[in-house]
Amino acid sequence: MKKQVLALLLDAGGKYRSGEEMSAALGVSRAAVWKAVAALREAGYAISSAPNRGYRLDATPDTLDPAAISALLPTGCVVGSNLVCLSTVDSTNNECRRLAAGGAPDGTAVLAETQTGGKGRGGRSFASPPGGLYLSILLRPDIAPGEAVNMTAWVAVAVCRAVEAACGVSCAIKWTNDIILNGKKLCGILTEMGMVGETGGLDYVVTGMGINLHASLTQSSPELASKAVSLEEVLGAPPRRDALIAALLSALDDLRRGFPHASAEYLEEYRRRCATVGNEVAVLRSGQEPRTGIAVGIDDRFRLLVDFSSSGGGTEAIEAGEVSVRGLLGYV
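Thresholds, definitions, all that
- Residues numbered from 1 in each chain as written.
- Predicted model: local features only at pLDDT ≥ 70, side-chain atom pairs only at ≥ 80, totals over all residues.
- Heavy atoms only, no water.
- Helix = DSSP H or I, 4+ residues; strand = E, 2+ residues; numbered from the N terminus.
- Buried < 20%, exposed > 50% of the residue type's maximum accessible area, 1.4 Å probe, protein only.
- Salt bridge = Lys/Arg side-chain N within 4 Å of Asp/Glu carboxyl O.

J.: How should I be thinking about unusual backbone geometry in this particular structure?
T.: Peptide bonds are, in most cases, trans, and in most cases residues other than glycine have a negative phi. Following Trp 175, the chain continues into Thr 176 via a peptide bond in cis, with omega recorded as 0°. Positionally, Thr 176 belongs in the loop between β6 (172-174) and β7 (178-181). Residue Asn 182 is not a glycine yet carries a positive backbone phi of 55°. Residue placement: Asn 182 occurs in the loop between β7 and β8 (184-195). When its relative accessible area of 58% is taken as the criterion, Asn 182 is described as exposed. In this structure, Phe 302 is a non-glycine residue whose phi angle is positive, near 65°. Following the sequence through the fold, Phe 302 ends up in the loop between β11 (291-298) and β12 (304-307). Looking at Phe 302, the relative accessible area reads 4%, which means it is buried.

Right under this line is the structure:
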């Protein structure tokens, strides 16, 4: 009931909604509506009431409230239909994988205020103090393991769409898993897979992301400030977290319904957003010396095409390894 009343107040768009109207819409008594409003107030929601006018939602708490997030999701959204919100966790990806092992359903989402063991690519740690948005989702696509390799690229497109929808700012992508805003890193993405031991088939895919929300997160040191950016710095104020989370879950639900069949649509958008193309890059592969070339495109498998002709080579498709971009602010 709390979730349903909150959804009606959010839908009112800052206007009053009468208790009688809400009780009729929900098929409950006005007393039940009043109890739900009281529960919302106790949870930190600022709700005005006025005789003959009803209730108005004035402000929402900046907490991970499943009811507030669910109320903003479109009808039929599978991603986030099973929503787990935690104050702290070792890693939202780890928690998703534990839930997957316990039979959690497709579309399960895990959110945390902080991570004590956040993970990045190549086994690196990912600092996750308060001030960020840490989210992982569990997907169970009926595909072969090899078809899941492009999931990170699709997620990058989905994150860009969600940030634009919720915050009105346009993001770009540094190949393959960094979202950049104003030339600096806004978000990192990590995708992991679980296999069925007996058959070698795909059991699940977990994809996680960490988005910088508050300036305190990125301004903690001069080195970090030169490489990372927060939405607060760009917008002038932190975004509404529940609205951004709902936009992310909705965009990821679109991905879930389209993957991998809508590849042409995501590939076209990935190419358009990829800030790596056209820049000088240094490619580092395990056990090899760095090689310098020019990123000239993205192929149909989301691999980065790099022209190494300046060092006596040809054009190669890069699908693994670290790629640093020269000329892109915040990267060396």
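J.: Looking at this structure, I do not really get the pattern of salt bridges. What am I missing?
T.: If charged atoms from side chains of opposite charge come close, those side chains can pair. Counted by the stated rule, this structure contains 23 salt bridges. Its salt-bridge partner being Glu 113, residue Arg 241 comes within 2.9 Å of it at the nearest N-O pair. One end of the pair, Arg 241, is in helix α10 (residues 241-258); the other, Glu 113, is in strand β4 (residues 109-115), with 128 residues separating them in the sequence. The class for Arg 241 is buried, based on a relative accessible area of 8%.

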